[in-house]
Amino acid sequence: VFDYWAHAASYLPIETFPFSLIRKSTMDTGNGFWRRTDPKLAAHVLDRIKREGPLMAKDFEKENSGPQQQWMIPEINQVIRQLFMTGQLMAAGRNGIQKKYDLPSRVLPRSISRKTPSMRNYAEHIVQRDLRAHGLIKLSEIGYLLRIPKTDLLVVIDKMKRAGQVTEVEIRGLKDTYIASSNVLDEYSQSSKKKFHILSPFDNLIIQRKRTAELFGFDYTVECYVPAAKRKFGYFGLPLLYGHQFVGLLDAKADRKSSVFQIRKLQWFTKKKADLQRAFDNRLQLFANFCGCTKIAS
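1. Here we look at the packing of aromatic side chains
By the definition in use, this model includes 14 aromatic pairs. On the basis of an interplanar angle of 75° and a centroid distance of 5.6 Å, the ring pair of F261 and F287 is categorised as edge-to-face. Here F287 lies in helix α9 (residues 274-290) and F261 lies in strand β11 (residues 260-268), a separation of 26 residues in the sequence. Residue class for F287 comes out partly exposed when judged on its relative accessible area of 22%. Site record: aromatic cluster; members linked through ring pairs are F216, F218, Y220, F246 and F269. The ring of Y4 carries the charged tip of K24 above its face, separated from the ring centre by 4.7 Å. Over the ring of F60 we find R48; its NZ or CZ atom is 4.6 Å from the centre of that ring.

2. Observations regarding the layout of surface pockets
In this structure, the largest pocket spans a volume of roughly 1,400 Å³. With five residues, the single largest contributor to the lining of the largest pocket is helix α5 (residues 119-134). Each residue belonging to the lining of the largest pocket can be placed in one class, and the counts come to 18 nonpolar, 11 polar and seven charged.

3. Focus: empty space enclosed by the protein
Across all of its chains, the model carries one cavity of 30 Å³ or more by this definition. By volume, the largest cavity is sized at about 40 Å³. Lining of the largest cavity is provided by F2, D3, Y4, K24, F84, G87, L89, M90 and A91. For the lining of the largest cavity, the secondary structure elements donating two or more residues are β1 (2-5) and β3 (90-95). Ranked by the residues each element gives to the lining of the largest cavity, the list is headed by β1, at three residues. Here the lining of the largest cavity is built from residues that sort into six nonpolar, one polar and two charged.

Rules used throughout
- Residues numbered from 1 in each chain as written.
- Predicted model: local features only at pLDDT ≥ 70, side-chain atom pairs only at ≥ 80, totals over all residues.
- Heavy atoms only, no water.
- Phe/Tyr/Trp six-rings, centres within 6.5 Å; stacked < 30°, edge-to-face > 60°.
- Helix = DSSP H or I, 4+ residues; strand = E, 2+ residues; numbered from the N terminus.
- Buried < 20%, exposed > 50% of the residue type's maximum accessible area, 1.4 Å probe, protein only.
- Lys NZ or Arg CZ within 6 Å of the ring centre and 35° of its normal.
- 1 Å grid on protein atoms, 1.4 Å probe; cavity = no way out; pocket = protein on both sides within 12 Å on 5 of 7 lines; lining within 4 Å.
- Points joined across faces, edges and corners; volume = space filled by probe spheres on them.
- Nonpolar A, V, L, I, M, F, W, Y, C, P; charged D, E, K, R; others polar.

Taken by themselves, the reported measurements are silent on function.
Quick look at the structure:
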């Protein structure tokens, strides 16, 4: 995997690296990703990393070129982010929450292409990616937060329809037409076993809140961004999905020092809990283990 932005900061499959070059090519180095950056400082950062190897932003903290121009951490962060967004630097690893940055030539495997794909190929990649991630999707939801020309998306979708790769789907009660991979529909019709999932607030399934409300009737808000007095559930409510229904919310905390997974609040949306309790208990134990905890406390 490599570290870059999709709809947000993400780990992306390394094979998809060429498609990140599309966004990198649109980053205006004059304006900066967050604000205008200093070209001399950018050149200095690149020179040090080239000579010394992977560095973190804090490795530049003690630098001072005199009273006229101080290289302070906020400005260094700004420059490094800009170099990262334009592809002149890549994340080569981490030390805690601090990224280590290095030159792409020293991070990328030789087998990975550095050639920028066409916008049409990029649109095809995004459509196929979103179909895999979402199962079914409508045009306005494809390429969430990415600026992809609608004309390119329509050409790709029409081509896939004619090839029998996608099928149009109508959903009762909704006016929009969705598309789905034809093989996914075949597999879904043969599967009846319900699975239980504890989702992150940023899971692909629910990251587009309007879509989640339309398809599942689930109006979800992650309340860590809401003032404590206005929260209706809790700081970090995790949606509980059983089959195709959202059945509850879980607010939990992993105390890794004591290996205790604390259930701070659990709310069910259904009165029929008997058939899903065992599935929930099994999934909860797996989730607690994933978080480094061996015990569960409520």
